[in-house]
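Fold and geometry: a report
Each chain is listed here by its residues.
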Amino acid sequence: MSAELPLILDEEPLDLRGLRAARPAGPVFALVRQNPDGIWQLETDNPLNRTFAWAPARRRYVRVDLGDHRRTGRLLETPLPCSDQAHRFEATVEVGFRVHDPVEIVRRNVRDALPVVYGYLKSHLRHHARRFAIDQAQQADEHINRILAGQTVLPEGITIFHCTVQLEPDEAARDHIRALTRGTRDSLLEQRAHLREVGIARHEAVVKDIEQEARLAREERERRVLASVPGTLRGMIGQHLAVHPEDTARAVELMAHAEQASSGRAETQEQRHTELLRFLVEKDIIRQVDLARLREEILQRVDGAGGRAPLDAGAGPRPDPAGLPAGAPVVWGGSAGSAPPSGPRAPARGVVPVYAVLDTSDAVTAGLTELNDGIRSLHTLLGNSPDAAGAVRLAVLGFAERAEAHLPSTEVRWGTDVPVLTAAGTAHYGPALEALERVIPEDVERLKGTVRTVHRPTVFFLTADTPADGSAWTGPHRRLLEHRYAPTVVACGVGRADARTVARLTTGPGLALTARPGTDTPTAVAQFCVLLQNAVLHLGRSAVAGRPELRLDRPHGLVPVVGDE
């Protein structure tokens, strides 16, 4: 930017005839004359009067520059304050201007155009820059450039026909913005790390709960099996060997010795009974016909008094009370404490694909803990109900500004990973519906190659906000419902969700639900998870019988959308 831009070119007496003859085709300057009365007047191409023609030295003429001028400069010495008055913008200004009133230029004696133009711009730029924060330089640019888009006529006789401004924070402000950005980023990273640690801790807690439930179940099954073992010597030895099979050889040896001793005692006792009976017969105390009956009565009394061993030596092996042959090891389901298997599980007559499509935008943040707890509870419910789990293929999709598959279509078992959801962004329905439009046909075709019957898919759609993509989601929604594998859609709205929009997502009456008035987001999300668990369990069990049925048992916190039923 030059230091000076003169508009008054000279003030010397001029020969107007020679000047007019040499004037170029385009008007690049104007002549301003001063009348004898001291008033400045623009000289035109009209013929000169005789007095002026004969006395040119008696008039004063000034040439004024009429050309277009463009200048680019930076306002460094007078930076523009932002809204907090503590930080400054540095402005780069590109300006174009010209003289529209040369008489006013001479009358005001505007020797240099730059102070006039930049003085005006500085005043206006400071006024508009104060409306914006230091990190809103782009918004301030756009606002100021809209204000200065047209022509601006200055009272000094100058017209500004072009002006563009680019604002940037000064060095101190840039340091401030960088510090804010680092702080925001560090806070976000810490939040994500916290959520991850919470998820890991919850996962470990769930695993410990599962291990404890399994241990308690094994102990209970072991207790029931051991309770059925008789309290005889053979039963007690069998009970010991069930837990300590390594003692089998020693136990067999001891049992053999015990049976031998018992047999010896029985023979001795039998001999004494025979001698007693012989004596009684010889003395004619009893008759021969009564011997058989009397012998049995005496032996029974002796057995009851403990004179005969409880082990029936020589009588052959007895069947085990649990249905196992004598001498066979007790089977505990492959590990100590497990019950014997109850037989193979009957296969389901069909499979129902189920899709839990869950809002993971910022609107669901308050209920995120309840949502993750609900997914874990559904996993535990299916793990404890293998019959229903075998007839269900569960998929979990989260959506905000885009859709993400947290769990692909899977038969849920104890070893299935439990997804952990996080919340961020705004709710867009379109990506979620497009994901369903893509994955449902793929999953159904894959299942048709492995199972006999694939029933119509069911979608459970949870949203906590109105769609940020406006009505753009209606196209994917229409295509999804027109597909040959169109699912049954159940929709539930909580938080800021619009009930009428929720009703439009569903495929039939009675399938649209919303939170009861006054119910907060965490409670409503927990109620939806209860509904989801009950519905999926009933779907699985009815599919086992070959007739899948969608039944919605609404908890207290959810009500049907008015006009949907």
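Structure's up top.
A brief report on the enclosed structure follows.

1. Some remarks on the sheet that holds strand β6 (residues 88-99)
- Here we have four strands laid out as an open sheet, ordered β5-β6-β8-β7, and antiparallel in their pairing. Sheet topology places β5 (69-81) and β7 (152-153) at the edges, where each strand pairs with a single neighbour.
- Bridging between β6 and strand β8 (residues 158-169) involves 11 bridges; their strand directions are antiparallel. Looking across to β8, one finds that R98 is bridged to T159.
- Strands in contact with helix α4 (residues 113-129) are β5, β6, β7 and β8; relative to β5, the strand with the most contacts, it is inclined by about 45°.
- In the packing of helix α5 (residues 137-147) onto the sheet, the strands contacted are β6 and β8, and the crossing angle to β8 comes to about 175°.

2. Let's talk about the packing of helix α10 (residues 368-383) against helix α15 (residues 521-544)
- Two elements in contact, α10 and α15, have axes separated by 9 Å at closest approach and are oriented at 20°. Here α15 runs roughly parallel to α10, going by the angle between their axes. When you trace α10 past α15, the crossing you get is right-handed. Contacts from E370, L371, G374, S377, L378, L381 and L382 in α10 reach P522, V525, A526, C529, L532, Q533, V536 and L537 in α15.
- Among the residues making up the contact of α10 with α15, the classes are represented as 11 nonpolar, three polar and one charged.

3. Structural notes on the packing of aromatic side chains
- If you walk through the whole model with that rule in mind, you get four aromatic pairs.
- Seen from their ring centres, F399 and F461 are 5.1 Å apart, and the 35° between their planes marks the pair as tilted. Linking F399 in strand β10 (residues 392-399) with F461 in strand β12 (residues 458-463), this pair joins segments that are 62 residues apart in sequence. In terms of burial, F399 and F461 fall into one category: buried.
- With 5.8 Å between their ring centres and 65° between their planes, Y429 and W473 make a pair best called edge-to-face. Pair noted here: Y429 is in helix α12 (residues 429-448) and W473 is in the loop between β12 and α13 (474-482), with a separation of 44 residues, a long-range link.
- The buried category is assigned to Y429, whose relative accessible area is 0%.
- The buried category is assigned to W473, whose relative accessible area is 2%.
- The rings of F399, Y429, F461 and W473 are connected pair by pair, giving a single aromatic cluster.
- Note that R98 overlies the ring of F161, its terminal NZ or CZ placed 4.2 Å from the centroid.

4. A short note on the pairing of strand β14 (residues 512-515)
- Across the two faces of β14 the burial is the same, with A512 and T514 and L513 and A515 all buried.
- Two strands pair when backbone bridges link them, and strand β13 (residues 488-493) and β14 are joined in this way by three bridges, in the parallel orientation. From the neighbouring strand, G493 faces β14, where its bridge partner is T514.
- Taking the sense of rotation as the criterion, the β-α-β connection linking β13, helix α14 (residues 499-505) and β14 turns out right-handed.
- With three bridges joining them, β14 and strand β15 (residues 558-560) adopt antiparallel strand pairing. Within the sheet, the bridge partner assigned to T514 lies in β15 and is V559.

5. Looking at the pairing of strand β2 (residues 29-34)
- A large share of β2 lies buried, amounting to five of its six residues.
- Relative to strand β4 (residues 60-65), β2 runs antiparallel, the two sharing six bridges. Across the sheet, L31 pairs through a bridge with R63, a residue of β4.
- Linking β2 back to strand β3 (residues 40-42) in an antiparallel pair, the connection comprises five residues, with G38 at a positive phi of about 90°.

6. Let's talk about the nonpolar core
- In this structure, V354, L358, L394, F460, V494, F528 and V536 are the most contacted members of the largest nonpolar core, which totals 42 residues.
- Those elements that provide at least two residues to this core are β9 (352-359), α10, β10, β12, β13, β14 and α15.
- Take this core: its biggest share by element is 10 residues, from α15.
- Core analysis: the second largest hydrophobic core is formed by 40 residues, W40, V95, L121 and L148 among them.

7. A short note on unusual backbone geometry
- Backbone geometry at N109 places phi at a positive 55°, although glycine is not the residue there.
- The residue N109 is located in the loop between α3 (102-107) and α4 in this model.
- Exposure remark for N109: the relative accessible area of 42% places this residue in the partly exposed category.

8. What to know about the state of the cysteines
- Tallying each qualifying case throughout the model produces zero disulfides.
- This cysteine, C492, is not joined by any disulfide, and C529 carries the nearest cysteine sulfur, 9.5 Å off.

9. What to know about the packing of α12 against α13
- Contact geometry of α12 with α13 gives a least axis separation of 8 Å together with a crossing angle of 25°. If you check the angle between α12 and α13, you find them roughly parallel. Along this stretch, α12 crosses α13, giving a crossing that reads as left-handed. Where α12 abuts α13, its residues G430, L433, E434, L436, E437 and I440 lie against P476, H477, R479 and L480.
- Considered class by class, the residues forming the contact of α12 with α13 number five nonpolar, two polar and three charged.

So, how was this worked out
- Residues numbered from 1 in each chain as written.
- Predicted model: local features only at pLDDT ≥ 70, side-chain atom pairs only at ≥ 80, totals over all residues.
- Heavy atoms only, no water.
- Pairing = 2+ DSSP bridges.
- Helix = DSSP H or I, 4+ residues; strand = E, 2+ residues; numbered from the N terminus.
- Contact = heavy atoms within 4.5 Å.
- Axes fitted to C-alpha atoms, helices over the stretch in contact; angles between N-to-C directions.
- Parallel < 35°, antiparallel > 145°, perpendicular 65-115°, else oblique.
- Left-handed = near helix turned anticlockwise from the far one by under 90°.
- Nonpolar A, V, L, I, M, F, W, Y, C, P; charged D, E, K, R; others polar.
- Phe/Tyr/Trp six-rings, centres within 6.5 Å; stacked < 30°, edge-to-face > 60°.
- Buried < 20%, exposed > 50% of the residue type's maximum accessible area, 1.4 Å probe, protein only.
- Lys NZ or Arg CZ within 6 Å of the ring centre and 35° of its normal.
- Right-handed = clockwise from strand over helix to strand, strands pointing away.
- Core = buried A, V, L, I, M, F, W, Y, C linked by side-chain atoms within 4.5 Å.
- Disulfide = S-S within 2.5 Å.

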